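Here is how the chains run, residue by residue.
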Amino acid sequence: MQDYFCLRDDEAHFDAIRLRLTDYLEGRDVFVQDCLVGADPAHQRPLRVITETAWHSLFARNLFIQRPPGDPGGQRPEIVVIHAPGFRADPEIDGTRSDAFVMVHFGKRLVLIGGTAYAGEIKKSVFTMMNFLLPIEDVLSMHCAANTGENNDTALFFGLSGTGKTSLS
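Below, the structure is looked at part by part.

What follows is about the overall build of the chain. Counting its regular elements, the chain contains five helices and seven strands. Counting helices and strands in the order they occur from the N terminus, the chain gives α-β-β-α-β-α-β-β-α-β-β-α. Taking the principal axes of the C-alpha coordinates as reference, the chain spans close to 60 × 45 × 30 Å. Here the chain, with 169 residues, has 35% of them falling under the buried criterion. In the chain, the share of contacts with a sequence separation of at least 24, taken over all contacts with a separation of at least 6, comes to 59%. Split by element, the accessible area of the chain, about 10100 Å² in all, is 54% carbon and sulfur. Where the 16 positive side-chain charges of the chain centre and where its 22 negative ones centre are 2 Å apart.

Put into structure tokens, the structure is as follows:
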């Protein structure tokens with residue numbers, strides 16, 4: 001099952017598709033959002049989302065945390081997402097099972113997304129990256145909502161995206 005997402009998992013194939021993807025974006029209008037990911041400031045990461053569509057950029061801007069006013073934005077992003085729904089992989093060349101792909105390189109903290117206009121891939125790939133990074137700091141990341149009661153008791157609401165966690169809390 002290891003080869004479900006990519007038939008070839010070596011560094012050379014990741015770098016090759018990254019080069020083809022960046023060549024595809026060269027000369028095109030792209031939209032860049034520099035945000036933060038992570039609710040706790042002690043564990044936040046600077047994030048850059050680069051996409052070829054304005055609405056995906058707006059999605060990222062609304063989903064992730066905006067930098068504080070007056071922040072010069074000088075922090076180098078620790079996680080970068082390059083999203084190009086118009087770029088399609090070639091399974092013969094790229095070793096993918098289809099022309100749509102999401103590739104996460106944990107070492108480079110780089111996510112490549114192509115061939116899909118589903119904005120949730122941006123969110124899910126960043127959450128995946130945080131689920132990899134935070135346990136290294138002894139932090140358990142959770143995709144949930146929480147309420148604290150009058151007696152300082154806490155209730156957590158877990159569920160898939162769009163299932164009403166925030167509404168319930």
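Structure shown, so let's carry the discussion forward.
The next thing to look at is the sheet that holds strand β5 (residues 110–114). Taking strand neighbours across the sheet as the criterion, the five strands line up as β1-β2-β3-β5-β4 in an open arrangement whose pairing is mixed. Bordering the open sheet on either side are β1 (31–37) and β4 (101–105), each of which pairs with just one other strand. The average angle at which neighbouring strand axes cross in this sheet is 15°, direction not considered. Of the pairings in the sheet, the one linking strand β3 (residues 79–84) to β5 comprises five bridges and is parallel in character. In the sheet register, Ala84 faces β5, and the bridge partner there is Gly114.

Bringing the nonpolar core into the picture now. Ranked by size, the top nonpolar core spans 16 residues in total, and within it Val37, Leu47, Val49, Phe64, Ile79, Val81 and Val126 carry the most contacts. Of all elements in the fold, only β1, β2 (45–51), β3, β5 and α4 (120–133) reach the threshold of two or more residues within this core. Among the elements that line this core, the one with the most residues is α4, at five residues. What Leu47 contacts, discounting residues up to four positions off in sequence, is Gln33, Asp34, Cys35, Val37, Phe64, Pro77, Ile79, Val81 and Val126. One finds Tyr24, Ala89, Met103 and Leu112 within the second-largest nonpolar core, a separate group that totals 14 residues.

The rules behind each value
Residues numbered from 1 in each chain as written. Predicted model: local features only at pLDDT ≥ 70, side-chain atom pairs only at ≥ 80, totals over all residues. Heavy atoms only, no water. Helix = DSSP H or I, 4+ residues; strand = E, 2+ residues; numbered from the N terminus. Buried < 20%, exposed > 50% of the residue type's maximum accessible area, 1.4 Å probe, protein only. Contact = heavy atoms within 4.5 Å. Areas by Shrake-Rupley, 256 points an atom, 1.4 Å probe, with all protein chains shown as cover. Lys, Arg positive; Asp, Glu negative; His and termini not counted. Charge placed at Lys NZ, Arg CZ, Asp CG, Glu CD. Pairing = 2+ DSSP bridges. Axes fitted to C-alpha atoms, helices over the stretch in contact; angles between N-to-C directions. Core = buried A, V, L, I, M, F, W, Y, C linked by side-chain atoms within 4.5 Å.

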